[in-house]
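# Analysis of the macromolecular model
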Amino acid sequence: RYAADRDFKNWCIIRENQMKVRNFVRNTFMVSALDQGEYNDIHPKHKKVLALRMADCALVNCYGTDEKKETENPAFESCTVEKNRIRIVIKRSGTGLEIREDKKELQHLIEMEKVQGNEVPEDFTGFEIAGADKKFHPAAVKLSGVRKNIIEAESPQVSEPVYIRYAWYNYGPVTVFSREGLPLCPFRNYSESVEETESADIQQVMEL
């Protein structure tokens, strides 16, 4: 992402459709590079990390070298609303999830958004929730469940949450990983577009 680029959240749609291919096409697997991207360079330099992840994925899923090893990234499975919080179940979580802080990438995000006249909330976690008004707010999260594969998200600004999304930006910090070091894939719990103004911006740019 270059300084002059606005974050239209269009890469999120591409990632989402890649996940759909993985879910509905037989013998298809996916390895995420979400945590390996770099600002100002659309071609990430950390290719060895991705090569090793893809090799593991092929060895386990195609050649059956280790049936117990989880080689695909953690991903959204389902969610429920419980009073003022949303409870998300994550599949392919390996031996459990962990929350990490990436100060370097967060600072990059802050700088890029500042160029566009935007502010990154101090309570940024990568998770956002919204009520029926479809206005998203940063959500505080914590892990739960015996296997640490459940994420609970809430915000004091949303008393009755309906929507949730994670890493719903073109590029930014990755905050949730499996203990094996694989990043949680971006997700949202709705299929219709609630980002109406963002979609309009994308269309306008395409027309130009």
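Look above for the structure.
Below you will find a few notes about this structure. (Residues numbered from 1 in each chain as written. Predicted model: local features only at pLDDT ≥ 70, side-chain atom pairs only at ≥ 80, totals over all residues. Heavy atoms only, no water.)

### A short note on the pattern of salt bridges
As enumerated under the stated definition, the model contains nine salt bridges in all. A salt bridge links Arg85 to Glu152; the shortest N-O distance between them is 2.5 Å. With a gap of 67 residues between them, Arg85 in strand E2 (residues 85-91) and Glu152 in strand E7 (residues 150-154) connect regions that are remote in the sequence. When its relative accessible area of 22% is taken as the criterion, Arg85 is described as partly exposed. (Salt bridge = Lys/Arg side-chain N within 4 Å of Asp/Glu carboxyl O. Helix = DSSP H or I, 4+ residues; strand = E, 2+ residues; numbered from the N terminus. Buried < 20%, exposed > 50% of the residue type's maximum accessible area, 1.4 Å probe, protein only.)

### Points about a nonpolar patch on the surface
On the surface, Trp11, Ile14 and Ile42 cluster together to form a nonpolar patch covering roughly 300 Å² of accessible area. Note that Trp11 resides in helix H1 (residues 10-24). (Patch = residues over 30% accessible without salt bridge, like charges linked within 9 Å, V, L, I, M, F, W, Y side chains within 5 Å. Areas by Shrake-Rupley, 256 points an atom, 1.4 Å probe, with all protein chains shown as cover.)

### With respect to helix H3 (residues 103-115)
If you check H3, its first and last C-alpha atoms are 19 Å apart, about what 13 residues at 1.5 Å a residue would give, namely 18 Å. Within H3, burial applies to Glu105, Leu109, Met112 and Glu113. The arc that holds the buried residues of H3, viewed along the axis, is 95°, so those residues lie on one side. When the buried face of H3 is taken as reference, the exposed residues oriented beyond 90 degrees from it are Lys103, Lys104, Lys114 and Val115. Following H3 by one or two positions, Gly117 has its phi on the positive side, about 80°. (Expected span 1.5 Å × (residues − 1). Arc of directions from axis to C-beta.)

### As for the sheet that holds E7
By definition, the strands of a sheet pair up through backbone hydrogen bonds, in either a parallel or an antiparallel sense. Strand order in this open sheet of four strands is E1-E2-E7-E6, and the pairing throughout is antiparallel. Looking at strand neighbours, the two that pair on one side only are strand E1 (75-82) and strand E6 (140-144), the edges of this open sheet. For this sheet, the mean angle separating the axes of adjacent strands, direction not counted, is 25°. Pairing of E6 with E7 involves five bridges; the strand directions are antiparallel. Residue pairing in the sheet places Ser144 in a bridge with Ile150 of E7. (Pairing = 2+ DSSP bridges. Axes fitted to C-alpha atoms, helices over the stretch in contact; angles between N-to-C directions.)

### Quick look at the layout of surface pockets
Rolled over the atoms, a probe with the dimensions of a water molecule shows which regions are left empty. Roughly 590 Å³ of internal volume is contained in the second largest pocket. Contributing elements (two or more residues each) for the lining of the second largest pocket: H1 and helix H2 (47-61). Ranked by residues supplied to the lining of the second largest pocket, first place goes to H1 with five residues. Grouping the amino acids of the lining of the second largest pocket by side-chain chemistry returns 14 nonpolar, three polar and four charged. (1 Å grid on protein atoms, 1.4 Å probe; cavity = no way out; pocket = protein on both sides within 12 Å on 5 of 7 lines; lining within 4 Å. Points joined across faces, edges and corners; volume = space filled by probe spheres on them. Nonpolar A, V, L, I, M, F, W, Y, C, P; charged D, E, K, R; others polar.)

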